[in-house]
Amino acid sequence: MSRARNGAASSSEVRSELTAFGPGKIIVIGEHAAVYGMPVLAGAIQRGVTARAVPGPTRIQAPPELTPPQAEALQRAFAAAAGDVGLSVSVTSDLPVGVGLGSSAALSVAVSRVLLQARGKPFGVKEVRELAAKMEGEFHGTPSGVDHTTSARGELILYRKEGPTKAVKAKKPVRIVVAIAGVRTPTKTTVAGLRERRMTWPKRYARLFGEIGVLAAEAARAVTRGDLAELGDLMTVNHGLLWGMGLSSERLDAMVRRMRSLGALGAKLTGAGGDGGAVIGLFEDPSDALKRLTADGVQCFESTL
Ligand code: PMV
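Description of the structure in this document. (Residues numbered from 1 in each chain as written. Predicted model: local features only at pLDDT ≥ 70, side-chain atom pairs only at ≥ 80, totals over all residues.)

As a further point, take the overall build of the protein. Check the secondary structure of the protein and you find ten helices and ten strands. A compact globule built from 305 residues should have a C-alpha radius of gyration of about 19 Å, and the protein, at 19 Å, falls within 12% of that. Per-residue burial over the protein gives 50% buried out of 305 residues. A separation threshold of at least 6 residues defines the contact pool for the protein, and within that pool the share at least 24 residues apart is 73%. (Helix = DSSP H or I, 4+ residues; strand = E, 2+ residues; numbered from the N terminus. Rg over C-alpha atoms; globule rule 2.2 N^0.38 Å. Buried ≥ 20, exposed ≤ 12 C-beta atoms within 10 Å, placed from the backbone. Contact = placed C-beta atoms within 7 Å.)

Here's what the structure looks like:
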């Protein structure tokens, strides 16, 4: 489903423009527990970041939507990955930034792909993942790796920080409405707050993370069987656990309730959560929900996994 192609550019192409795409992602089940090694079900979405590179001084032009700290992180991330490649890179995106849709990973993957193309040697998902991981480290400190792995693979996966990543083949299309419930605190802050609660009550939090891991594995099986009703139920249960661990907010809960009232089979926050971010709802047919949310001024779109 990714629009980008892996593979090296010929040396004649390097003299002209190189382009590559990195898709955004949604976490269907398992954010946060992923940081503690649990499996997480995540899928690449149709929206993402396109990188363009032309020969010139090595630099990246920060997109205007980035805040100054995000733009600084981008410069550090680019310097870590690019070395002295002799490319001027620009990026465009149709992905909302900083709401849990993996915009920094999508950017890291798109930029890594143009850098690898410029090297003129064949490459695949492994090389893209490794280079993108270097960039993500600058944006996020110590991420679980789910964001850039999902973006580099461009498909629905069951990911584990330590362990093999499995592709999950959906028997029926998994049609998701993504709705933005507002800006939020950075992932680092939300992850750090949860780490403190976990250190205070380690046994209970270990049990909760374990249960979320079980939900993710069950969800992967439900997707493979085409059981959307079960997938929806798992998503709503996962939201309840995230709420219980202090990762939701009024805005996110209100959007989850709204999705349910519009007929979602299940709904939950996606990504780090906190005081805002994105909510996903699973629908058999999302057209009516999309119309009604849009009419209410909610920023939303459909993505099929
Ligand atoms: O930055 P976000 O909102 O896409 O969150 C990523 C998911 C977390 O599990 C919260 C962090 C991680 O590295 O897995």
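Residues in contact with the ligand amount to 15 residues; listed here are only the nearest, G100, P143, S144, T187 and G271. Mapped by element, the contributors of at least two residues to the shell around the ligand are α5 (146–153) and α6 (187–200). For the shell around the ligand, the class distribution of residues is seven nonpolar, six polar and two charged. Shared between two domains, the shell around the ligand holds at least three residues of each, these being domain 1 (11–167) and domain 2 (175–304). (Near = placed C-beta within 6 Å. Nonpolar A, V, L, I, M, F, W, Y, C, P; charged D, E, K, R; others polar. Domains from an automatic or database assignment.)

Attention now goes to the sheet that holds strand β9 (residues 278–283). Spatially, β8-β9-β7-β10 is the arrangement adopted by the four strands of the open sheet, whose pairing is antiparallel. The sheet terminates laterally at β8 (266–270) and β10 (300–304), the two strands that pair on one side only. For this sheet the average axis-to-axis angle between neighbouring strands, irrespective of direction, equals 25 degrees. Taken together, the six bridges between strand β7 (residues 175–180) and β9 define a ladder with antiparallel strand orientation. (Pairing = 2+ DSSP bridges. Axes fitted to C-alpha atoms, helices over the stretch in contact; angles between N-to-C directions.)

The topology assignment puts L293 in helix α10 (residues 287–295). Sequence separation between L293 and F209 is 84 residues, and the spatial gap between their C-alpha atoms is 32 Å. Sequence-distant contacts of L293, that is, excluding residues within four places in its chain, are made with A179, V298 and C300.

Ranked by size, the top nonpolar core spans 94 residues in total, and within it V40, L41, V111, A179, A216, A219 and V279 carry the most contacts. Of all the elements, helix α3 (residues 103–119) adds the most residues to this core, at ten residues. Both of domain 1 (11–167) and domain 2 (175–304) provide at least three residues apiece to this core. Not counting the four nearest positions on each side in its chain, L41 is found in contact with V28, I29, G30, L158, V168, A216, A219 and A220. (Core = buried A, V, L, I, M, F, W, Y, C linked by C-beta atoms within 7 Å.)

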